[in-house]
Amino acid sequence: MIVFLVIAMMLTAIMYGYVAWRLHIVSPSLRFWVRFYLFVVWLTSLAPLIFHYQHVAGDWVDIFIWFVYLNMGFFSLLMVVYLVMDVLHLCMRPFKRNPERRAFFKSSAAHISMLGAAGMTTGFGLEQAVGGAVIKEVHIPLGAPKALHDLKIVQFTDLHIGPMIKRDDVESLVSQMNALNADMIVMTGDLVDGSVARLKQDVAPLANLKAKVGKYFITGNHEYYSGAEDWIAEMKRLGFTVLLNEHELIEYEGAKLLLAGVTDYRAHQYISAHQSSPKQAMQGAPDADVKILLAHQPKSIFEATEAGFDLQISGHTHGGQYYPWNFIAKMANPYIKGLHLHDNKTWIYVSPGTGYWGPPIRLGNEPEITVFKLV
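A brief look at the structure comes next. (Residues numbered from 1 in each chain as written. Predicted model: local features only at pLDDT ≥ 70, side-chain atom pairs only at ≥ 80, totals over all residues. Heavy atoms only, no water.)

Some points on the overall build of the protein
Alright, step 1. Along the backbone of the protein there are 13 helices and 12 strands.
Alright, step 2. Here the C-alpha atoms of the protein give a radius of gyration of 23 Å, agreeing with the 21 Å that 2.2 N^0.38 yields for 375 residues.
Alright, step 3. Put simply, the protein has 375 residues, and 51% of those count as buried.
Alright, step 4. Counting only contacts in the protein whose residues sit at least 6 apart along the sequence, the fraction spanning at least 24 positions is 75%.
Alright, step 5. Roughly 17,200 Å² of accessible area belongs to the protein as shown, and the carbon and sulfur atoms make up 60% of that amount.
Alright, step 6. For the protein, the centre of its 31 positive side-chain charges and the centre of its 32 negative side-chain charges are spaced 12 Å apart. (Helix = DSSP H or I, 4+ residues; strand = E, 2+ residues; numbered from the N terminus. Rg over C-alpha atoms; globule rule 2.2 N^0.38 Å. Buried < 20%, exposed > 50% of the residue type's maximum accessible area, 1.4 Å probe, protein only. Contact = heavy atoms within 4.5 Å. Areas by Shrake-Rupley, 256 points an atom, 1.4 Å probe, with all protein chains shown as cover. Lys, Arg positive; Asp, Glu negative; His and termini not counted. Charge placed at Lys NZ, Arg CZ, Asp CG, Glu CD.)

Comments concerning the sheet that holds strand β5 (residues 241-242)
Alright, step 1. Here we have 6 strands laid out as an open sheet, ordered β1-β12-β2-β3-β4-β5, and mixed in their pairing. Only two strands of the sheet have a single neighbouring strand rather than two, namely β1 (134-140) and β5.
Alright, step 2. As defined by bridge partners, β1 adjoins strand β12 (residues 368-374) across 7 bridges and the pair is classed as parallel. Each residue of the ladder has a partner; that of isoleucine 140, found in β12, is leucine 374. (Pairing = 2+ DSSP bridges.)

Comments concerning the packing of aromatic side chains
Alright, step 1. Applying the stated criterion to the full structure yields 15 aromatic pairs.
Alright, step 2. Considering the side-chain rings of tyrosine 37 and phenylalanine 75, the 6.5 Å spacing of their centres and the 55° angle between planes classify their relative orientation as tilted. Of this pair, tyrosine 37 sits in helix α2 (residues 28-44) while phenylalanine 75 sits in helix α4 (residues 59-92), and the two are 38 residues apart along the sequence.
Alright, step 3. In this structure tyrosine 37 comes out as partly exposed when scored by relative accessible area, which is 34%.
Alright, step 4. Taking 6.5 Å as the distance between ring centres and 35° as the angle between the ring planes, the aromatic pair formed by phenylalanine 64 and phenylalanine 67 counts as tilted. Linking phenylalanine 64 with phenylalanine 67, this pair stays in helix α4, spanning 3 residues, or about one helical turn.
Alright, step 5. By relative accessible area, phenylalanine 67 is classed as partly exposed at 37%. (Phe/Tyr/Trp six-rings, centres within 6.5 Å; stacked < 30°, edge-to-face > 60°.)

Let's talk about the sheet that holds strand β9 (residues 311-314)
Alright, step 1. Strand order in the open sheet formed by 6 strands is β6-β7-β8-β9-β11-β10, and the pairing between neighbours is mixed. Across the chains shown, the open sheet's two edge strands, defined by having one partner strand only, are β6 (246-252) and β10 (338-342). Pairs of neighbouring strands in the sheet enclose a mean axial angle of 20°, with direction left out of account. (Axes fitted to C-alpha atoms, helices over the stretch in contact; angles between N-to-C directions.)

Let's talk about the side chain of glutamine 321
Alright, step 1. By secondary structure assignment, the location of glutamine 321 is in the loop between β9 and α13 (325-332).
Alright, step 2. Judged by relative accessible area, which is 6%, glutamine 321 ranks as buried.
Alright, step 3. Among the polar contacts made by the side chain of glutamine 321, one reaches the main-chain carbonyl oxygen of proline 359 at a distance of 2.9 Å.
Alright, step 4. Residue contacts for glutamine 321: discarding those within four places in its chain leaves Tyr356, Trp357, Pro359, Ile361, Arg362, Leu363 and Asn365. (Polar contact = N/O pair within 3.5 Å; in protein donor to acceptor, adjacent residues only side chain to side chain.)

Examining the nonpolar core
Alright, step 1. Core analysis: the largest hydrophobic core is formed by 61 residues, its most contacted members being Phe156, Leu191, Val203, Leu206 and Phe240.
Alright, step 2. In terms of residue count, α4 provides more of this core than any other element does, 11 residues in total.
Alright, step 3. Phenylalanine 240 has contacts with Phe156, Met187, Leu206, Leu209, Lys215, Tyr216, Phe217 and Met235, leaving out every residue within four places of it along the chain.
Alright, step 4. Core analysis: the next-biggest nonpolar cluster, separate from the first, contains 25 residues, Leu148, Val186, Ile292 and Phe372 among them. (Core = buried A, V, L, I, M, F, W, Y, C linked by side-chain atoms within 4.5 Å.)

Structure representation (structure tokens):
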């Protein structure tokens, strides 16, 4: 934890330091206060994580977290804009015959344009993040029996109910999913950011979710930051079947579907008995026409393929949420978003998530409720 905080502080220091250096256009009388503000924002950038781990909660904490994360989102986008500007400026250097073009990149007008671009992009990303989830239908070419072609599996994931996503958002989501008339609903982890005691009322509307066959839940990494065992008990109370390296055989219109679920990829670091294992989830499984694994992190795909699953449904990555974080997410995961065929054996679908985490910004990654059809 300490190592993570140190690395995170260093990275955010580079980001805010670079922006502070580039904001030299303000008048000398304001320059100190602008840079002082950036310094304060940097110092508070990890406060949400500290509050979470120290179980500090309250309405004022929620407001403060909104302030911190929205600032972080704006200034990270401003950093990207300035980097692009500086690269273009360097590209202009060889063209000495166009000093006016080079001079533009040093002008106040250019800097104001950059601030405006970052501000408008932040606003657009905020609207996309909090504007509600879109419904996306995904066809999985499994060669499934005809009886399963009408089976409708609905996924939501990475909702991150907590300081920024509240009961009203959950109620709206439940209405959307119930309108889909799902046969099965699967929640593939990172439902919450906070304890059961703090978020019980915000999560309560999930009890109203309706699915003909059943609704299923697996743990994500954020459940282990928030008291996984308490959340497992709470999800069972809300009517979910929790799959902890387990499977369930589902008979539908004469066809057999094996649905399995694993604990989070790194769950063992918090609860040793929760070592994630697709092979254990498959252990003792009967023959089935289709075998599906619910696994929060895409990294489970390697063992899922070895275990013989036809499809893995995952989340975790948020699709990178917005640049430049999408590049980091790509480096950390075998798949970041969408449908892929792994090793010519197992399909994997990675949802970009139904909520958001950190800065309330999404760009090119709309929050999603996924409807799967087996074809």
